[in-house]
Amino acid sequence: QVQLVESGGGLVQPGGSLRLSCAASGFTFSNYAMRWYRQAPGKERELVATVSVGGTTNYADSLKGRFTISRDNAKNTVYLQMNSLKPEDTAVYYCNVRKGVGYWGQGTQVTVSS
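Rules behind the numbers
Every chain is numbered independently, its residues counted from 1 as its sequence is written. With the structure being a predicted model, the display of local features is reserved for residues of pLDDT at least 70 and the display and counting of side-chain atom pairs for 80 or more, all residues being used for whole-chain, interface and lining totals. The side-chain numbers reported here are obtained from all heavy atoms of the structure, hydrogens and water having been left aside. Under the scheme used here, helices are H or I runs from DSSP no shorter than 4 residues and strands are E runs no shorter than 2 residues, and both carry numbers assigned from the N terminus. When a residue's accessible area, from a 1.4 Å probe over protein chains only, is under 20% of the maximum for its type it is buried; when over 50% it is exposed; and in between it is partly exposed. Here a residue-residue contact requires only that any non-hydrogen atoms of the pair lie within 4.5 Å. In short, Shrake-Rupley with a 1.4 Å probe defines the accessible areas, and a residue's cover is counted only from the protein chains shown. Positive charges come from Lys and Arg, negative ones from Asp and Glu, while His and the chain ends are left out of the count. Lys charges are placed at NZ, Arg charges at CZ, Asp charges at CG and Glu charges at CD. By this definition, two strands are paired if DSSP reports at least two bridges between them. Axis definition: a line fitted to C-alpha atoms, limited for helices to the stretch in contact. Angles are taken between N-to-C directions and run from 0 to 180 degrees. Any carboxyl oxygen of Asp or Glu that lies within 4 Å of a side-chain nitrogen of Lys or Arg is treated as forming a salt bridge with it. Two N or O atoms form a polar contact when they lie within 3.5 Å of each other; inside protein one atom must be a possible hydrogen donor and the other a possible acceptor, and for residues adjacent in sequence the pair counts only when both atoms belong to side chains.

(A) Seen up close, the overall build of the protein chain. A count of helices and strands for the protein chain gives 0 helices and 11 strands. Listed by position from the N terminus, the elements making up the protein chain come as β-β-β-β-β-β-β-β-β-β-β. When its C-alpha atoms are laid out on the principal axes, the protein chain stretches across 40 × 25 × 20 Å. Across the 114 residues in the protein chain, those meeting the buried criterion constitute 41%. For the protein chain, contacts bridging at least 24 residues in sequence account for 53% of all contacts bridging at least 6. Put simply, the protein chain shows about 5900 Å² of open surface, and 45% of that area lies on carbon and sulfur atoms. The averaged location of the 7 negative side-chain charges in the protein chain is 5 Å from the averaged location of its 12 positive side-chain charges.

Printed below as a string of structure tokens:
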């Protein structure tokens, strides 16, 4: 069965960086686009970034230049490098794959605070 396991979240000061990882299993990873979403308290879940099968990336307009999504097909893992973090980046970050239906990981908490 499809499994997505996120890691790498934590508490970071404003201006800091984090790299999130999502380890995937249960499907042929290299055949699917992968996405990162986030959900802040009291807000709807929003799409952060997408990496296609061929490695093309897309980002939410507000995050361009600070976040970088990448994938390692040999490791079945998708990453989200987050730089220049702001308090408003505080959220639970989720990995997602659309394989017929959407599958989600359990999420990893990112808190940006001094």
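(B) Spatial organisation of the sheet that holds strand 8 (residues 77–82). Taking strand neighbours across the sheet as the criterion, the 4 strands line up as 1-3-8-7 in an open arrangement whose pairing is antiparallel. What marks the edges here is a single partner per strand, and that holds for strand 1 (3–7) and strand 7 (67–72). Averaged over all neighbouring strand pairs, the angle between strand axes comes to 15°, with direction disregarded. Two strands pair when backbone bridges link them, and strand 7 and strand 8 are joined in this way by 6 bridges, in the antiparallel orientation. What sits directly across from Ile69, in strand 8, is Leu80.

(C) Representation of the pattern of salt bridges. Tallied over the full model, the rule gives 3 salt bridges. Put simply, Arg66 and Asp89 hold a salt bridge, and the shortest N to O gap is 2.8 Å. Here the residue Arg66 occupies a position in the loop between strand 6 (57–59) and strand 7, and Asp89 occupies one in the loop between strand 8 and strand 9 (91–99), the gap between them amounting to 23 residues. Considered together, Arg66 and Asp89 belong to a single accessibility category, that of buried residues. Three or more residues joined by partner-sharing salt bridges are found here, namely Arg38, Glu46, Arg66 and Asp89.

(D) Main features of the side chain of Glu6. With respect to the element layout, Glu6 can be found in strand 1. Arg45 provides the closest opposite charge to the buried, unpaired Glu6, separated from it by 7.5 Å. A distance of 2.7 Å separates a polar side-chain atom of Glu6 from the backbone nitrogen of Cys95.

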